[in-house]
Structures are given as C-alpha cells and as structure tokens.
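Here is what each chain is made of, one letter per residue.
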Amino acid sequence: MESHLAYLDAGSGSLIVQALVAGTAGVVVAAKLYWRRVTGMFRRKTPAEATVGTTAAPVETATPAAATADKD
Amino acid sequence: MTPEHTRPVAEPGSFRDPQTRVFHADGEVLRGLGAQAAQDWKALRDSEFFARTQADRTVTATEEIDRELPGEPGTWSTTLRHEPLPFVTYPYEWSHTMRQDAARLHLDLLRQALAAGFTMKDGSAYNLQWRGAAPEFIDVGSFEPAKPGEPWAGYRQFCQTLLYPLMLQAHLDLDPRALLRSQIDGVEPAQMRRLLGGTKRLAAGVLKHVHLHDSIQSRNADRSTGAVRDQLRDAGFNTELVIAAAKATAKLVAKLDWAPPATHWGDYRETCSYSEDDRAAKQRFVDSALEAADKTDLVLDLGANDGVFSRQAAAKAGYVVAVEADPAVVDTLYRQLRAEGEKRILPIVMDLADPSPGGGWASHERASFADRAAKADVTLALALVHHLAIGRNVPLPAIVDWLAGMGHTVVVEFVHAEDPMARKLLANKPDGLFPDYHVETFVRLLGERFDIAKRETLPGGTRTLVAGVRRD
C-alpha cells in the first residue's frame, strides 16, 4: 500500500486523541482500537508473527512490530 | 521573449516539507513544487474549493507560472507565484483575538478542504499571515487529496501553536508570547498539563486537548504513527470524524475569549499631556513628512498606542504596521480595524526595547524584527524615545543607530525632560542619571545619520518633532 506518512511527525498519541475530540462516534473508534490491542495480546500468533515478537510485551510498552501485529 | 530574472533566493523559513519550497526574487514570492506536490496542486487548482478560497482571499492569491527555480534538475516540477505580503509577522507578535481569528480560519479551511476531498498536511500558526486585519493562509503546499480513514496530521501542531496559546491566555490570563517566541514548535502538551492542573482541568477543552492528549501521547510514544494510523483505520476511523473533530475544536476556539484588563495605556489619550493644539500641530507635521517622503509603501508606527497616527499615515501610505507593547491595546485596535475591514493597517504586539529576535533553525527560520523592519520606507517614532531612553536606559546614540536601521524617512517626537510624561518616568530614576537627555543632544545625534528636513516644537513647548531623511 502507498505510504501515507506525512512529512510532519503527527504524533501517534495525537492521532488517537483526535478521535476522542470528534465526539461519541470517535470515542467508539478509540475504544475499538484499544480493545483490539488488548485482545491482540492474547490472540494466538501466526508462526511468522511469532518470530518477530517472541515475548508478549505489555500494551503500554509494545514495540512498533508488536503494534502492527495487532492487525488481522 | 522571456525577461531576465535575478536568481531566486530560498526563503529560510520554508524547508520542513521537502516537497515544496518558497523562493524570493525581485520582490516576487515563488514556490517550487516537487513531483508529488505538483500532482496535488493540479487537483487543488481545478477544485471549486480552491476557487472559493481565492475569491474570498482566505488563501494567498496564487498562480502557476513558467520559471526555473534553483535546485538539482527535476527537483521542482511546477512553479507557483504568490501575492507578496507587505509585512511578515509571527504568532508571538499577535494579540489574543488575532490568534483566535487565525485559528478559526485554519479550522474553517480544513473543514472546507475535507468536504471537497482534500486535507491539510500540517496545522501550524506560521502558515497564517495578515493583510491588515485579515488573516490569510499562505501555505498552498499544505493541501493534498485526502485518503480514506486518514486523521489530520496537523492536529498536534495546531494544538501547540494555536489552541494552547489561546487556552493560556483565556484560562490563566498568561500571555503565551514568551513561550511561542522561545519554542518554534509551540507549547508542548506536557508543559500545558503542568500549567493547567487542579480545577483548571475543568476549564473548556483542557481535559481532552491537554491532559488526555499528553497521557495518550506518552503511552503511545513507542508506537509509530504509521502503525497507529493503520489501527485507527481498521477500527473504523473516517473523514467524518476529522470533520467532527475540526468542528468541535472550532467551537472551543470560539469559546476561548479573553477580556483584556484595563491598562494605563487603554485610556492613554484621556490622560496624556497633549492639548488639542498640540495634537493638531503633530498631525500636520506627520502629514507633511509623509507627503515629502520619496516612498511610503511601508510605514512603521513604533509605539502606535491606539493607532491614531497609524490611521492617519494609512491615508498617505501603502501599508502601515502599528507596533505597540501593550497586548490589550493591540487587541482593542485589532478588533476595531477588523470591524472596519481594514486591510492596510496591521497591528502587532512588541516591546521595542526587546524586539523579536531571529528564531528556529540557525536563527534564520524566523526573521528578526530588525531584518523585517529594514525594508520600511518611513518610521514614525512618536512619543517613543523617552520610554526607551528614560524608561529602559537605552543611550540616545543607540536609539539613533537603531532608527537608522529602519525607514529611509524618520519622524521622531522628542519629549523634553520637563514634560509631565517624561517627569513621570524620571521620578523612578535617581536625579541626574540622564544628563544627556536633551532635545539639542538628540537632534545633533540624529543629524549625524539623517538630513534634518524639518523641526518643530509643539505649542505646549515640551515636545519637539523632527523629520529626517537617512543619508545612504
């Protein structure tokens, strides 16, 4: 997929806050994001993912590699 | 035939986005666009949204031209030309209401852009400038076609350079200029959090935009923005939410009003020592000096107070920058000028004994006031010298040198030591501290740098006006 990174570091946390600023619908999106992060921690990893992050990092200190592993 | 042009010089404040760069040449403002930016521009140029921003002059008037720009071959695919600004200012020189209007315009443009399928790459207050009392968005390179599920990359920058400064003034009555001047990227969420603790958490917008923002930011510091963007999109984030966030933020900006405290300058005209005769004579003197000036495209009114002489100068000049140290006075003047739709008088806040230094990368990304003032044609320094010389102990020769760095024509009002206003300032200093503070000394010093064209003492006898033309 085409890179969608801006020249400016938008701040990963700032992007999430934006959802919360947007109101109820945004809060739902943020909640979903956090829920997926939590469930992603306990989800059985595919062998490919397992070689990337061997230890289950806690949510707050997840490495970028572990964070992308949350995706289905 | 193509006319010969001088080689464009890169604008030191335009380098952060490698896809676009501003150049100056012969008073023209040019912008180079890289391949991707050129493609984005073509989409923007053909949009009804962009046509609207050009018609209502909320985005700087821009046209495509055929002109080579400096750089490796192939760096710039397209060249744009922008309508030049008479005088560039920075957020640490704006009053609260100016900041509020700049923020309002930014969010308004973002909402319009999103509705038309575009977004903005950034959210910086430095992308806004002024034409008199009207804000204008100058960074055409900021617009790009929006991608589905994409949040606004500029939200953090908007908070740091516009929203937080508004909150500091509105919630704490704390002037944000010192922070803005020393930190080019604006006020950090963590700094705001420390300033807005206790019950201030409950003030409008503070919990979400400050506390939650800082806390989520630190908890996600290790995650890349790319990963978070993917997660947001997968969780259902969409353009509607960016529009809703912009709308909610605009509502907050409108709420962040500031009621300026009554200051002694606020009623200066009522309390100052002028008689009506003095005032009339002073006005005649200023008028005749402006009429005699060879060029009046840009006039600086230093120590402008309520702007009465800025207004008078505007009748005979192209553009007037009214510089005043009191933010409350500037805010009042700005609101008056805005109501009048004035596009040729720009009020700014600045302590002239401590004018804006250069800032940002290599101290050149933001130009110092001295650099910007150097291109003025006329400098008005009415009832200013005694504040600098007595109030701030600046030696008279240094004041004259400073004036010689600005307008070619200078109009100075020297307030004698016997004048009630000067006596008030002298009362705070030991007797005999300023033996040289005398009109004859001042005129002699001025005469070393300027040809004295005219000199007149006002009927009251305690103020002398001098007009000079710099010997270049």
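The model shown is predicted, which means the values in this text are computed figures rather than measured ones.

### Section: the overall build of chain A
Regarding its fold elements, chain A presents 4 helices and 0 strands. Helices (α) and strands (β) of chain A occur, in sequence order from the N terminus, as α-α-α-α. Split into buried and exposed, the 72 residues of chain A put 31% on the buried side.

### Remarks on the overall build of chain B
Check the secondary structure of chain B and you find 18 helices and 16 strands. Taking 23 Å as the expected radius of gyration for a compact globule of 472 residues, we find that chain B reaches 24 Å, a close match to that expectation. Across chain B, contacts joining residues at least 24 apart in sequence account for 68% of those joining residues at least 6 apart.

### Notes on the interface of chain B and chain A
Taken together, the contact pairs 43 residues of chain B with 35 residues of chain A. Secondary structure elements with two or more residues in the side of chain B that touches chain A: helix H4 (155–172), helix H7 (206–219), helix H8 (225–234) and helix H9 (239–255) of chain B. For the side of chain B that touches chain A, the leading source of residues is H8 of chain B, giving 9 residues. Tallied by class, residues from the side of chain B that touches chain A come to 16 nonpolar, 13 polar and 14 charged.

### Quick look at the UniProt feature "transmembrane region" (unreviewed entry) in chain A
Mapped onto the present numbering, the UniProt feature "transmembrane region" (unreviewed entry) falls on residues 15–35 of chain A. Split by type, residues 15–35 of chain A is 90% helix and 0% strand. Its first and last C-alpha atoms lie 17 Å apart.

### With respect to the sheet that holds strand S2 (residues 20–25) of chain B
Hydrogen bonds between backbone groups are what pair the strands of a sheet, and the pairing can be parallel or antiparallel. Residues and elements named next belong to chain B. On the basis of which strands lie adjacent, the open sheet formed by 5 strands has the order S1-S2-S3-S5-S4 and antiparallel pairing. Two strands close off the open sheet at either side, each with one partner strand: strand S1 (9–10) and strand S4 (62–65). As paired strands, S4 and strand S5 (residues 78–82) are joined by 4 bridges and run antiparallel to one another. If you follow Glu 64 over to S5, its bridge partner there is Leu 80. Together, S2, strand S3 (28–33) and S5 form the strand contacts of helix H1 (residues 35–45), whose direction differs from that of S3 by roughly 110°.

### A few points about the domain arrangement of chain B
Residue and element names in this part refer to chain B. Under the domain assignment, chain B is made up of domain 1 (11–82), domain 2 (91–255) and domain 3 (268–470). Relative placement of domain 1 and domain 2: their C-alpha centres are 24 Å apart. Each residue belonging to the side of domain 1 that touches domain 2 can be placed in one class, and the counts come to 7 nonpolar, 8 polar and 5 charged.

### Brief notes about the sheet that holds strand S16 (residues 463–470) of chain B
Residues and elements named next belong to chain B. Spatial strand order, S12-S11-S10-S13-S14-S16-S15: 7 strands in an open sheet with mixed pairing. This sheet does not close on itself; its edge strands, each paired only once, are strand S12 (345–349) and strand S15 (450–457). Strand-to-strand twist across the sheet, computed as the mean angle between neighbouring axes with direction ignored, equals 15°. Summarising the sheet, strand S11 (residues 319–324) and S12 pair through 5 bridges and their orientation is parallel. Opposite Val 323, over in S12, you have Ile 348 as the bridge partner.

### Remarks on the environment of Pro 459 of chain B
All names here are of chain B. On the secondary structure map, Pro 459 appears in the loop between S15 and S16. Note on Pro 459: 15 C-beta atoms within 10 Å, which makes it partly exposed. Linking Pro 459 and Ala 113, residues 346 residues apart in sequence, is a C-alpha distance of 58 Å. The contacts of Pro 459, once residues within four sequence positions are left out, are Ser 275, Asp 277, Asp 278 and Ala 281.

### Looking at the confidence of the model for chain A
Residue and element names in this part refer to chain A. Here chain A averages 69 in pLDDT, while 51% of its residues score no lower than 70. Across chain A, the secondary-structure element scoring lowest on mean pLDDT is helix H4 (residues 64–68), at 39, and the one scoring highest is helix H1 (residues 12–21), at 94. Confidence drops under pLDDT 50 across residues 51–72; counting only partners more than four residues distant or on other chains, this segment forms 36 contacts.

### Comments concerning H1 of chain A
The buried fraction of H1 of chain A amounts to 10 of the 10 residues, a majority that puts the element mostly inside the structure. Buried within H1 of chain A we find Ser 12, Gly 13, Ser 14, Leu 15, Ile 16, Val 17, Gln 18, Ala 19, Leu 20 and Val 21 of chain A. For H1 of chain A, the elements touching its buried residues are helix H2 (24–42) of chain A together with H4, H7, H8 and H9 of chain B. One or two steps after H1 of chain A, the chain reaches Gly 23 of chain A, where phi turns positive at roughly 105°.

Reading guide: rules and limits
Residues numbered from 1 in each chain as written. Chains lettered and ligands numbered in written order. Predicted model: local features only at pLDDT ≥ 70, side-chain atom pairs only at ≥ 80, totals over all residues. Helix = DSSP H or I, 4+ residues; strand = E, 2+ residues; numbered from the N terminus. Buried ≥ 20, exposed ≤ 12 C-beta atoms within 10 Å, placed from the backbone. Rg over C-alpha atoms; globule rule 2.2 N^0.38 Å. Contact = placed C-beta atoms within 7 Å. Nonpolar A, V, L, I, M, F, W, Y, C, P; charged D, E, K, R; others polar. UniProt positions renumbered as here; feature names shortened; annotations may be inferred. Pairing = 2+ DSSP bridges. Axes fitted to C-alpha atoms, helices over the stretch in contact; angles between N-to-C directions. Domains from an automatic or database assignment. pLDDT = per-residue confidence, 0-100.

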